[in-house]
Amino acid sequence: MRTQVAIIGAGPSGLLLGQLLHKAGIDNVILERQTGDYVLGRIRAGILEQITVDLLHEAGVGAGVDAGGTVHHSIELVFAGTRHPIDVHGLTGGKVVTAYGQTELTRDLMQARAAAGLTTVYEAANVTPLDFDGHQPRVTYEKDGQTHTLDCDFIAGCDGYHGVSRASVKDSITEYERHYPFGWLGVLADVPPVSPHAIVYGNSERGFSLCSMRSLTRSRYYVQCPLDDKVEDWSDQRFWDELRRRLDPALAEAIVTGPTIEKSIAPLRSFVAEPMRFGRLFLAGDAAHIVPPTGAKGLNLASSDVKYLSSALIEYFRDKSPAAIDTYSERCLRRVWKAERFSWWLTSLLHRFPDTQGFGQKIQEAELDYLVSSVAASTTLAENYVGLPLELR
Ligand code: RFL
Ligand code: PHB
């Protein structure tokens, strides 16, 4: 089999890239290790920056987010038992974020890909990118006991943090990493969100909490938990009780509880691999970088990588110019590091750290107070939250 761009991974990065390339007349094949249902079963991101929503439209799959997304004009910080709205819309000259689940976004992209008749090989085993530094880039994989070769011009490594793409260049990359001494326990429940128009971020002496949503009838909530906690330790009742204790009395009172339909614990980490291009192999999305979810940046960074990569490949095939390919890594990383900084900062501000002494705690309280009482400080938060601009050159 031969294609112009072999894409490894059918998560949001790979699917969005495939759709944008297809729109520009560039042929591509996606190789995915899991089944489509498994990919859809992963409950993850929920908050989209405008650049992500715009990109979905550019890819021809904006109808789902238009119909099912909820536009948010503000966020709320809760600390010391009090709510503080941050008017991100007003502070950024009219920008917003949209609550729309990664599951729904992925489903929209999968359906569009199927409708366009594009090839996605699910359950592809032992996917191996080869000769991306030479003249015959290709990817080999196994399916139904047979080994196949996909010849191509370029390989896009969109295979997430545990993928094969970054592993295949591990001797040529520098990795930067930070682990945080806690995780997030997240639940999904078919109950109306307590705050349908603003995501609520809570800092309490019991730890961080987050009230988010997937729709007006489906809520997504998180609480900070120790890394060694197990999901089995958390009955639904324990979760709801703990969430309530971390919010202000009015919100706690207003939470509608119900049976959870998903419950999982995720560790928090920051990670960046540099560079993001190796000859004809590119890394995009979680394959190259991870942020702690506090700033809701992961999926949005994946989108900006995909925007840079799709436009670079389109320019290459249309104009025979490698200029944008040559600057791909540098352009991505400028935006990535700013989002890494923001996510690290917001994580540090909102969580309880086991080793925080009296001084660190007092500094956190002073910073929160400053954040909600200074327009300059709130504006900094707001402009990062809605997403920094895409610099296309
Ligand atoms: P993915 O989604 O991990 O997809 C990679 C795909 O590659 C496949 N794969 C392979 N395929 C073939 N061969 C191999 N050897 C392969 N190895 C792996 C995998 O099966 C998978 O299908 O990466 P992608 O596409 O770069 O997308 C990144 C996003 O998924 C991620 O950044 C976000 O989910 C992060 N994130 C959030 N981002 C946001 O922007 N806003 C949020 O509100 C937000 N909340 C979150 C999050 C991530 C979370 N967790 C659990 C990590 C909340 C949580 C709890
Ligand atoms: C989510 O809805 O899953 C979500 C929202 C905001 C975040 C992280 C996750 O910062």
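Note that the coordinates shown come from a computational prediction; the quantities given were computed from them, not determined experimentally. (Residues numbered from 1 in each chain as written. Chains lettered and ligands numbered in written order. Predicted model: local features only at pLDDT ≥ 70, side-chain atom pairs only at ≥ 80, totals over all residues. Heavy atoms only, no water.)

Caption draft 1: Local environment of the overall build of the protein. When helices and strands are counted, the protein shows 14 helices and 20 strands. Since a compact globule built from 393 residues should have a radius of gyration of about 21 Å, the 21 Å found for the protein is in line with a globular shape. Across the 393 residues of the protein, 54% fall into the buried class. Sequence-distant contacts in the protein: of pairs separated by 6 or more residues, those separated by 24 or more amount to 72%. (Helix = DSSP H or I, 4+ residues; strand = E, 2+ residues; numbered from the N terminus. Rg over C-alpha atoms; globule rule 2.2 N^0.38 Å. Buried < 20%, exposed > 50% of the residue type's maximum accessible area, 1.4 Å probe, protein only. Contact = heavy atoms within 4.5 Å.)

Caption draft 2: Structural context of the site of ligand 2. Around ligand 2, a shell composed of 13 residues is seen, among which Tyr201, Ser212, Arg214, Tyr222 and Pro293 lie nearest. Within the side chain of Tyr222, one N or O atom sits 2.6 Å away from an oxygen atom of ligand 2. Separating an oxygen atom of ligand 2 from a backbone N or O atom of Thr294 is a distance of 3.1 Å. Contact with the protein chains hides 97% of the accessible area of ligand 2, taken as 270 Å² for the molecule alone. Looking at the shell around ligand 2, the elements with two or more residues in it are strand 15 (207-215) and strand 16 (218-225). Broken down by element, the residue count for the shell around ligand 2 peaks at 3 residues, all from strand 15. (Near = heavy atom within 4 Å. Polar contact = N/O pair within 3.5 Å; in protein donor to acceptor, adjacent residues only side chain to side chain. Areas by Shrake-Rupley, 256 points an atom, 1.4 Å probe, with all protein chains shown as cover.)

Caption draft 3: Summary view of the site of ligand 1. If you check the shell around ligand 1, you find 32 residues, and the closest are Ser13, Glu32, Gln102, Asp286 and Leu299. Measuring from an oxygen atom of ligand 1, one finds a backbone N or O atom of Ala296 at 3.0 Å. Surface burial for ligand 1 is 89%, taken as the share of its 1,000 Å² of free accessible area covered by protein chains. In terms of residue count, helix 10 (residues 298-319) provides more of the shell around ligand 1 than any other element does, 3 residues in total. Here the residues of the shell around ligand 1 are counted per class, giving 14 nonpolar, 11 polar and 7 charged. (Nonpolar A, V, L, I, M, F, W, Y, C, P; charged D, E, K, R; others polar.)

Caption draft 4: Highlighting the pattern of salt bridges. Summed over all chains, the structure comprises 17 salt bridges. We note a salt bridge from Asp236 to Lys263, for which the minimum N-O separation is 2.7 Å. Of this pair, Asp236 sits in helix 8 (residues 236-245) while Lys263 sits in strand 17 (residues 260-274), placing them 27 residues apart in sequence. When salt bridges that share partners are traced, they join Arg206, Glu242, Arg245 and Arg246 into one network. (Salt bridge = Lys/Arg side-chain N within 4 Å of Asp/Glu carboxyl O.)

Caption draft 5: Examining the pairing of strand 16 more closely. In terms of residue burial, strand 16 counts as a mostly covered element, since 7 of its 8 residues are buried. Pairing of strand 13 (residues 174-189) with strand 16, which is carried by 7 bridges, proceeds in the antiparallel orientation. Within strand 16, the residue paired with Trp184 across the bridge is Gln224. Pairing geometry for strand 15 and strand 16, over 6 bridges, is antiparallel. (Pairing = 2+ DSSP bridges.)

Caption draft 6: Representation of the packing of aromatic side chains in the model. In total, this model carries 16 aromatic pairs according to the counting rule given. Ring geometry for Phe154 versus Phe317: centroids 5.8 Å apart, planes at 85°, classification edge-to-face. With a gap of 163 residues between them, Phe154 in strand 12 (residues 154-157) and Phe317 in helix 10 connect regions that are remote in the sequence. Their ring planes at 90° and their centres at 5.2 Å tell us that Tyr161 and Phe271 sit as a pair that is edge-to-face. Of this pair, Tyr161 sits in the loop between strand 12 and helix 7 (164-167) while Phe271 sits in strand 17; the two residues are 110 residues apart in sequence, bridging distant segments of the chain. (Phe/Tyr/Trp six-rings, centres within 6.5 Å; stacked < 30°, edge-to-face > 60°.)

Caption draft 7: Geometry of the side chain of Glu49. Mapped onto the secondary structure, Glu49 falls in the loop between strand 3 (47-48) and helix 3 (50-58). Judged by its relative accessible area of 3%, Glu49 falls in the buried class. Among the polar contacts made by the side chain of Glu49, one reaches the side chain of Lys297 at a distance of 2.7 Å. Sequence-distant contacts of Glu49, defined by excluding residues within four places in its chain, comprise Lys297, Asn300, Arg335, Tyr385, Val386 and Gly387.

Caption draft 8: Summary view of helix 3. Within the sequence span of helix 3, burial applies to Ile51, Thr52, Val53, Leu55 and Leu56. Just past helix 3, the residue Gly60 takes up positive phi, approximately 80°.

Caption draft 9: Structural detail: the packing of helix 12 (residues 328-350) against helix 13 (residues 358-373). Running from N to C, helix 12 and helix 13 cross one another at 115°; their axes reach a closest spacing of 9 Å. One way to sum up the angle between helix 12 and helix 13 is to call them roughly perpendicular. Seen from helix 12, the contacting residues are Trp345, Ser348, Leu349 and Leu350; seen from helix 13, they are Gln364, Glu367, Leu368 and Leu371. Considered class by class, the residues forming the contact of helix 12 with helix 13 number 5 nonpolar, 2 polar and 1 charged. (Axes fitted to C-alpha atoms, helices over the stretch in contact; angles between N-to-C directions. Parallel < 35°, antiparallel > 145°, perpendicular 65-115°, else oblique.)

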